[in-house]
Amino acid sequence: MTMQTNRRALPLAAALVLALAAPASAGDASPAAQVAATAPAATAPATVTIDNFAYSPATLTVAPGTRVVWANKDEEPHTVTSADGGATFKSPALDTDDSFAFTFTKAGTYKYFCSIHPHMVGTIVVK
Ligand SMILES: [Cu+2]
């Protein structure tokens, strides 16, 4: 009885360890290395979707030089306004399917909100 339990448990534990270890090492090796090899300086644009009175993802981390595009998919107009009162970036009211873009050149944490619905907040981390 004990033997049977152990025989079943051991391979299962080994498989679990492999499953946990494999994605991490594979993810580190191939896609990141590929991006670095093909496009060392250029950074892919990043998108924040606005829907349901929320920015998604609420926090987005990008590399310096990344152009971030906000796309309003909501039925309501929204803005993208930097938390410094719009001094860093400030969109007009975006209607449904409108978008706004800003290129982040300097590292830092950029908080922003919707000037129409100030409870809508988001953060872009540039590093
Ligand atoms: Cu809004």
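For the structure itself, look to the data block above.
Everything numeric in this text was worked out from a predicted model, so none of it was measured.

Visitor: Where do I start with the side chain of Ser 91 in this structure?
Guide: The topology assignment puts Ser 91 in the loop between strand E5 (81-82) and strand E6 (99-104). Excluding its chain neighbours within four sequence positions, the residues that come into contact with Ser 91 are Thr 79, Val 80 and Phe 100.

Visitor: What exactly am I supposed to notice about the packing of aromatic side chains here?
Guide: Each aromatic ring pair is characterised by the separation of its centres together with the angle its planes make. Counted by the stated rule, this structure contains 10 aromatic pairs. Ring plane angle 80° and centroid distance 5.5 Å describe the contact between Phe 89 and Phe 104, whose orientation is recorded as edge-to-face. You can see Phe 89 sitting in the loop between E5 and E6 and its partner Phe 104 sitting in strand E6, a full 15 residues away along the chain. With a relative accessible area of 3%, Phe 89 lands in the buried category. A network of ring pairs unites the aromatic residues Tyr 55, Trp 70, Phe 89, Phe 100, Phe 102, Phe 104, Tyr 110 and Tyr 112 as a single cluster.

Visitor: I keep staring at the environment of Tyr 55 and nothing clicks. Help me out?
Guide: Structurally, Tyr 55 is set in strand E2 (residues 54-56). Between the alpha carbons of Tyr 55 and Trp 70 there is a distance of 8.4 Å; along the sequence they are 15 residues apart. Setting aside anything within four residues of it in sequence, one finds Tyr 55 in contact with Val 48, Thr 49, Ile 50, Trp 70, Thr 79, Val 80, Tyr 112, Phe 113, Cys 114, Met 120, Val 121 and Gly 122. One polar contact links the side chain of Tyr 55 to the main-chain carbonyl oxygen of Thr 79, over a distance of 2.7 Å. At a separation of 3.1 Å, a polar atom in the side chain of Tyr 55 contacts the main-chain amide nitrogen of Cys 114.

Rules used throughout
- What you see as residue numbers is a count from 1 along each chain, following the sequence as written.
- The predicted origin of the model limits local features to residues at a pLDDT of at least 70 and limits the giving and counting of side-chain atom pairs to 80 or more, whereas totals for whole chains, interfaces and linings rest on all residues.
- Note: side-chain values were computed over all heavy atoms of the structure, leaving out hydrogens and water.
- Note on conventions: DSSP H or I runs of at least 4 residues are helices, E runs of at least 2 residues are strands, and numbering of each starts at the N terminus.
- Contacts are assigned to residue pairs with any non-hydrogen atoms lying within 4.5 Å of each other.
- In this analysis, rings of Phe, Tyr and Trp, with Trp reduced to its six-membered ring, are considered paired at centre separations within 6.5 Å, and the interplanar angle assigns stacked below 30 degrees, edge-to-face beyond 60, and tilted for intermediate values.
- Relative accessible area decides the class of each residue, using a 1.4 Å probe on protein chains only: under 20% of the type maximum gives buried, over 50% gives exposed, and in between gives partly exposed.
- Counting of polar contacts relies on pairs of N or O atoms within 3.5 Å, with two restrictions inside protein: one atom must be capable of donating a hydrogen and the other of accepting it, and residues adjacent in sequence are counted only when both atoms are side-chain atoms.

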